[in-house]
Amino acid sequence: MNVQYILLDDSNPQHRELSIYRTGTINRVRLEDTAYKAYSSLEIGAHDYAAFFHYAAAEALNALPFFSESGNGLDSWDESFLHNSSLNEMKRIIGECRAEINPEKNETILLGWQDQPIGVAYMRNIDAAKFIAFLDTLMQFVEETEAEECDLEFIL
């Protein structure tokens, strides 16, 4: 079988329209609010979204008691919530994930593939240092959320 390899490029509008091109948002919320309000948000760009799953950060964070309508915890294509009481443990897990990443070892990963109508493999370059910078930003966002006694909503 002939396979066409496509390396996703964030600056290519056609690539951004592909279903394999995923981004997300983390919102600072208060679960006890009677009306939904996001007090602050952290965007997860396509690069960091792919790296978040590639480096198993999402899998590690699933040790926490996320709740979601689907019951899948923290998962792609889902919305999950994490109570403020778990944020300290979340920071510990993020720190452990960060420590496992070699900032000098960039990688090219397979995001997904299709067989029909032609074989296509969708790839993405992962810049480890860039993802570590995202984890640092996430850590600061979690610390601020904890200080404000808010909760987190993940829209992945």
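Everything discussed here concerns the structure shown above.
Residues numbered from 1 in each chain as written. Predicted model: local features only at pLDDT ≥ 70, side-chain atom pairs only at ≥ 80, totals over all residues. Heavy atoms only, no water.

Caption draft 1: View of the nonpolar core. Counting residues in hydrophobic clusters, the biggest one holds 35 residues, and the most contacted among them are L61, M90 and L138. At the level of elements, strand 3 (40–44), helix 2 (46–54), helix 3 (57–61), helix 4 (87–100), helix 5 (128–147) and strand 7 (151–155) are the ones that each hand at least two residues to this core. If one sorts the elements of this core by residue count, helix 5 sits on top with nine residues. One finds L8, Y21, A46 and V120 within the second-largest nonpolar core, a separate group that totals six residues. (Core = buried A, V, L, I, M, F, W, Y, C linked by side-chain atoms within 4.5 Å. Buried < 20%, exposed > 50% of the residue type's maximum accessible area, 1.4 Å probe, protein only. Helix = DSSP H or I, 4+ residues; strand = E, 2+ residues; numbered from the N terminus.)

Caption draft 2: Spotlight on the packing of aromatic side chains. Inspection of the entire model under this criterion finds six aromatic pairs. Between Y49 and F53 the ring centres are 5.2 Å apart and the planes differ by 50°, which places this aromatic pair in the tilted class. Placement of the pair is Y49 and F53 together in helix 2, with a separation of four residues, close to one helical turn. Judged by relative accessible area, Y49 falls into the buried class, the value being 6%. Pairing F131 with F134 gives two aromatic rings, centres 6.0 Å apart and planes at 20°, and the pair type is stacked. Of this pair, F131 and F134 both sit in helix 5, three residues apart, which is roughly one turn of that helix. F131 sits in the buried class, given a relative accessible area of 1%. Feature note: the residues Y49, F52 and F53 constitute an aromatic cluster, connected by ring pairs. Here the basic side chain of R28 rests over the ring of F141, its NZ or CZ set 4.3 Å away from the ring centre. (Phe/Tyr/Trp six-rings, centres within 6.5 Å; stacked < 30°, edge-to-face > 60°. Lys NZ or Arg CZ within 6 Å of the ring centre and 35° of its normal.)

Caption draft 3: Here's a closer look at the side chain of T145. With respect to the helices, strands and loops of the structure, T145 is situated in helix 5. The exposure class assigned to T145 is buried, which follows from its relative accessible area of 0%. In this view, T145 contacts R28, N84, L87, C150, D151 and L152; residues no more than four positions away in its chain are not counted. (Contact = heavy atoms within 4.5 Å.)

Caption draft 4: Here's a closer look at the environment of F52. For F52, the position within the fold is in helix 2. Separated by 82 residues in sequence, F52 and F134 have C-alpha atoms that sit 9.5 Å apart. In contact with F52, not counting residues within four places along its chain, are A57, A58, L61, L74, F131 and L156.

Caption draft 5: Fine view of the pattern of salt bridges. Counted according to the given criterion, the structure contains seven salt bridges. Of the charged contacts in the structure, one is a salt bridge between R124 and D10, with a shortest N-O distance of 2.7 Å. Of this pair, R124 sits in strand 6 (residues 119–126) while D10 sits in the loop between strand 1 (3–7) and helix 1 (13–16), placing them 114 residues apart in sequence. For R124, a relative accessible area of 4% corresponds to the buried category. On the accessibility criterion, D10 (30% relative accessible area) is partly exposed. Of the charged contacts, one joins R28 and E148 as a salt bridge, the two residues approaching to 3.6 Å between their closest N and O atoms. Highlighted residues: R28 in strand 2 (residues 24–29) and E148 in the loop between helix 5 and strand 7, separated in sequence by 120 residues. According to the relative accessible area criterion, R28 is buried, its value standing at 4%. (Salt bridge = Lys/Arg side-chain N within 4 Å of Asp/Glu carboxyl O.)

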